[in-house]
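A look at the structure
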Amino acid sequence: MNCLMLTAKNHSIPLSDGNRIPIIGLGTYGDPRTTPKGTARECVKLAIDVGYRQFDGALVYFNEHEVGQAIREKITDGTVRREDIFYCGKLWSTFHPPELVRPALERTLKTLQLDYVDLYIIELPMAFKPGDKFYPKDKNGKYIYHETDLCATWEALEACKDAGLTKSLGVSNFNRRQLELILNKPGLKHRPVSNQVECHPYFTQPKLLEFCRQNDIVIVGYSPLGTSRDASWVNLKCPPLLEDEVLVSIGKKYNKSPSQVALRFNVQRGVVVIPKSFNPQRITKNFQIFDFSLTDDEMELIEELNKNIRFVELLMWSDHPEYPFHDDY
């Protein structure tokens, strides 16, 4: 796969199951308490016009109805066909028991008003207590965890693929040990094609990236610009990635922003990027990464920026036995 050959019109890369994934997508997470209604819908429509073909969503973003509406409107007006769009949905942590997996995916499909998703992933290797609350807590305000059997959950996902509800299956926030649990599962029918993890120049994930390459698993990098500042998820002590002098100076050479350089870096490594933005100018600019390429020396310079800094620490799960970030990778 030569990522230097990708273009704005043709930028999908192969998955191990024969399907393809666009190498850049739009992340659609937005805090439902602060994001005005209709924002996701307008931004997804704009993104499709700009050239984005992948959209990364989730039931717990509470805006899948808007994302689905935007996709359907752009299909209706003839801009795209359904097969041009790649939608990734996620199995939330309260739906890990096998009997809850298909109903959760069907709920996403009903919300999107689509017949299938292109990729369905286990959002986290940790489970919460099943029930009506997405973030269940006890009377002391502590999160209520639930024992999870990831292999049993995976088998339920395989049945969803066999039923045509999703084209591909993947995971998110899995470390090597958790990936091996699935890969070595007796009777494995469908391998995970992707692992969505944090990935950017300050957290380049070299060991996990190499392990995934050896196993034909594509890394999908979330927070590729390292810019989220939500204290419930994020380590606010992290230095701002986009002010890094190396990214700024390389950007000046190509008349590009540090964001565009950071995205291009991952794309050239074969890492799919899903920058989240609800800002029309940034949505447009983030996509403009196919008209320049970084030299080998510049790639090395950026790789050397790795500080093993994790912006997204998922601290609400740090006491969980399956918390993936205790392991090296």
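Conventions used here
Here, residues in each chain are numbered from 1, in the same order as that chain's written sequence. Restriction of local features to residues with pLDDT of at least 70 applies here, the model being predicted, together with a cutoff of 80 or more for giving and counting side-chain atom pairs; totals for whole chains, interfaces and linings are based on all residues. Hydrogens and waters are ignored; side-chain quantities use all the structure's heavy atoms. Think of it this way: any DSSP run of H or I at least four residues long counts as a helix, any run of E at least two long counts as a strand, and we number them from the N terminus. What the globule rule says is 2.2 Å times the number of residues to the power 0.38, and the radius of gyration is computed from C-alpha atoms. Exposure classes here rest on a 1.4 Å probe applied to the protein chains alone. A residue is buried below 20% of its type maximum, exposed above 50%, and partly exposed in between. By the convention used here, residues are in contact when the closest approach between their heavy atoms is within 4.5 Å. By the counting scheme adopted, Arg and Lys are positive, Glu and Asp are negative, and His together with the chain ends is not counted. Positions of charges follow a simple convention, taking NZ of Lys, CZ of Arg, CG of Asp or CD of Glu. Multiply 1.5 Å by the residue count of a helix minus one, and that product is the helix's expected span. Whenever a nitrogen or oxygen atom comes within 3.5 Å of another N or O atom, the pair is scored as a polar contact, on the condition that within protein one atom can donate a hydrogen and the other can accept it, and that pairs from neighbouring residues in sequence are kept only if both atoms are in side chains. Cavity: a set of points on a 1 Å grid over the protein atoms alone where a 1.4 Å probe fits but cannot get out. Pocket: an open set with protein on both sides within 12 Å along at least five of seven lines, its lining residues, like those of a cavity, having an atom within 4 Å of a point. Grid points are joined across faces, edges and corners, and a volume is the space filled by probe spheres set on the points. Gly is put with the polar residues, along with every residue not named as nonpolar or charged; the nonpolar set is Ala, Val, Leu, Ile, Met, Phe, Trp, Tyr, Cys and Pro, and the charged set is Asp, Glu, Lys and Arg. By convention, a stacked pair of Phe, Tyr or Trp rings (six-membered ring in the case of Trp) has centres within 6.5 Å and planes under 30 degrees apart, an edge-to-face pair has planes over 60 apart, and any other such pair is tilted. For a ring to carry a charge above it, either NZ of a lysine or CZ of an arginine must fall within 6 Å of the ring centroid while also lying within 35 degrees of the normal to the ring plane. Between the N-to-C directions of two axes lies an angle of 0 to 180 degrees, each axis being a line fitted to C-alpha atoms and, for a helix, fitted only over the stretch in contact. Left-handed is the label given to a crossing in which the near helix is rotated counterclockwise from the far helix by less than a right angle, and right-handed is the label when the rotation is clockwise. UniProt positions are given in the numbering used here, feature names are shortened, and annotations may be inferred rather than shown by experiment. Orientation is classified from the angle alone, with under 35 degrees giving roughly parallel, over 145 giving roughly antiparallel, 65 to 115 giving roughly perpendicular, and any other angle giving oblique. Two strands are said to pair when DSSP picks up at least two bridges between them. Handedness of a crossover is defined as follows: with both strands directed away from the viewer, a clockwise route from the first strand across the helix to the second makes it right-handed.

A look at the overall build of the chain
When helices and strands are counted, the chain shows 10 helices and 12 strands. Against the compact-globule benchmark of 20 Å for 329 residues, the chain has a radius of gyration of 19 Å, which places it among compact chains. For the C-alpha atoms alone, the extent of the chain along its principal axes is close to 55 × 45 × 40 Å. Burial analysis of the chain (329 residues in total) assigns 57% to the buried set. A separation threshold of at least 6 residues defines the contact pool for the chain, and within that pool the share at least 24 residues apart is 76%. If the 41 positive side-chain charges of the chain are averaged to one point and the 43 negative ones to another, these points end up 4 Å apart.

Some details on helix α4 (residues 150-162)
Taking 1.5 Å as the rise per residue, α4 with 13 residues should run 18 Å; its terminal C-alpha atoms sit 18 Å apart, in good agreement. Burial in α4 covers these residues: Leu150, Cys151, Ala152, Thr153, Trp154, Ala156, Leu157, Glu158, Cys160 and Lys161. Here α4 starts with a cap whose side-chain oxygen sits 3.1 Å from the backbone nitrogen of cysteine 151, and that cap is aspartate 149. Looking at the residues trailing α4, positive phi occurs at glycine 164, about 85°.

Thoughts on empty space enclosed by the protein
Taken as a whole, this structure holds one cavity of 30 Å³ or more when the rule is applied. When its volume is computed, the largest cavity comes out at roughly 40 Å³. Residue lining of the largest cavity: Gln54, Asp56, Cys88, Leu119, Ile121, Val171, Ser194, Gln196 and Val220, and that is the complete set. Those elements giving two or more residues to the lining of the largest cavity turn out to be β4 (54-56), β6 (117-122) and β10 (194-198). Here the lining of the largest cavity is built from residues that sort into five nonpolar, three polar and one charged.

Considerations on the packing of aromatic side chains
Taken as a whole, this structure holds 14 aromatic pairs when the rule is applied. Centroid distance tyrosine 52 to phenylalanine 287: 4.9 Å. Interplanar angle 40°. Geometry classified as tilted. Note that tyrosine 52 is positioned in the loop between α1 (39-50) and β4 and phenylalanine 287 in helix α9 (residues 280-287), a separation of 235 residues in sequence. Tyrosine 52 gets classed as buried once you look at its relative accessible area, which sits at 0%. Between tryptophan 92 and phenylalanine 128, the ring centres sit 6.3 Å apart and the planes meet at 65°, which makes this aromatic pair edge-to-face. With a gap of 36 residues between them, tryptophan 92 in the loop between β5 (86-91) and α3 (98-112) and phenylalanine 128 in strand β7 (residues 127-128) connect regions that are remote in the sequence. The class for phenylalanine 128 is buried, based on a relative accessible area of 0%. An aromatic cluster of at least three residues, connected via ring pairs, comprises Trp92, Phe128, Tyr135, Tyr143, Tyr145 and Trp317. A cation sits over an aromatic face here: lysine 276 above phenylalanine 278, 4.3 Å from the ring centre. Across from the ring centre of tyrosine 202, 4.7 Å away, lies the NZ or CZ of lysine 307, which sits over that ring.

Some points on the packing of α1 against helix α2 (residues 64-76)
Running from N to C, α1 and α2 point in directions that differ by 40°, and their axes come no closer than 8 Å. Crossing angle aside, the handedness with which α1 passes α2 is right-handed. Each of Thr39, Ala40, Arg41, Val44, Lys45, Ile48 and Asp49 in α1 lies in contact with α2, whose residues at this interface are Glu66, Val67, Gln69, Ala70, Ile71, Glu73 and Lys74. Grouping the amino acids of the contact of α1 with α2 by side-chain chemistry returns six nonpolar, two polar and six charged.

Re the layout of surface pockets
In this approach the atoms are scanned with a rolling probe the size of a water molecule, which exposes any empty space left behind. The computed volume of the second largest pocket comes to approximately 440 Å³. Elements with a minimum of two residues in the lining of the second largest pocket: β2 (20-22) and α1. Top element by residues in the lining of the second largest pocket is α1. It accounts for three residues. Residue composition of the lining of the second largest pocket, grouped by class: seven nonpolar, six polar and eight charged.

Things to note about the UniProt feature "binding site: substrate" (unreviewed entry) in the chain
On the UniProt side, "binding site: substrate" (unreviewed entry) is annotated at positions that read His146 here. Turning to its location among the elements, histidine 146 is positioned in strand β8 (residues 145-146). Not counting residues up to four positions away in its chain, the partners in contact with histidine 146 are Pro97, Ala127, Phe128, Lys129, Pro130 and His320.

Description of the packing of α4 against helix α5 (residues 176-183)
Geometry of a packed helix pair, given as the angle between the helix axes and the separation of the axes. At a minimum axis distance of 9 Å, the contact between α4 and α5 shows a crossing angle of 55°. The angle between α4 and α5 falls in the class oblique. Crossing angle aside, the handedness with which α4 passes α5 is right-handed. On the side of α4, the interface is formed by Leu150, Cys151 and Trp154, while α5 contributes Gln178, Leu181 and Ile182. Residues of the contact of α4 with α5, tallied by class, amount to five nonpolar, one polar and no charged.

Description of the pairing of β10
Regular strands have side chains that alternate between both faces of the sheet. In terms of burial, β10 is a largely internal element, five of the five residues being buried. Bridge count for strand β9 (residues 166-172) against β10 is two bridges, and the pairing is parallel. Paired with valine 171 across the two strands is asparagine 195, which belongs to β10. Where β10 meets strand β11 (residues 218-222), five bridges bridge the pair, whose relative direction is parallel. Within β11, the position partnered with glutamate 198 by the bridge is tyrosine 222. Taken together, β10, helix α6 (residues 206-214) and β11 constitute a β-α-β crossover, and its handedness is right-handed.

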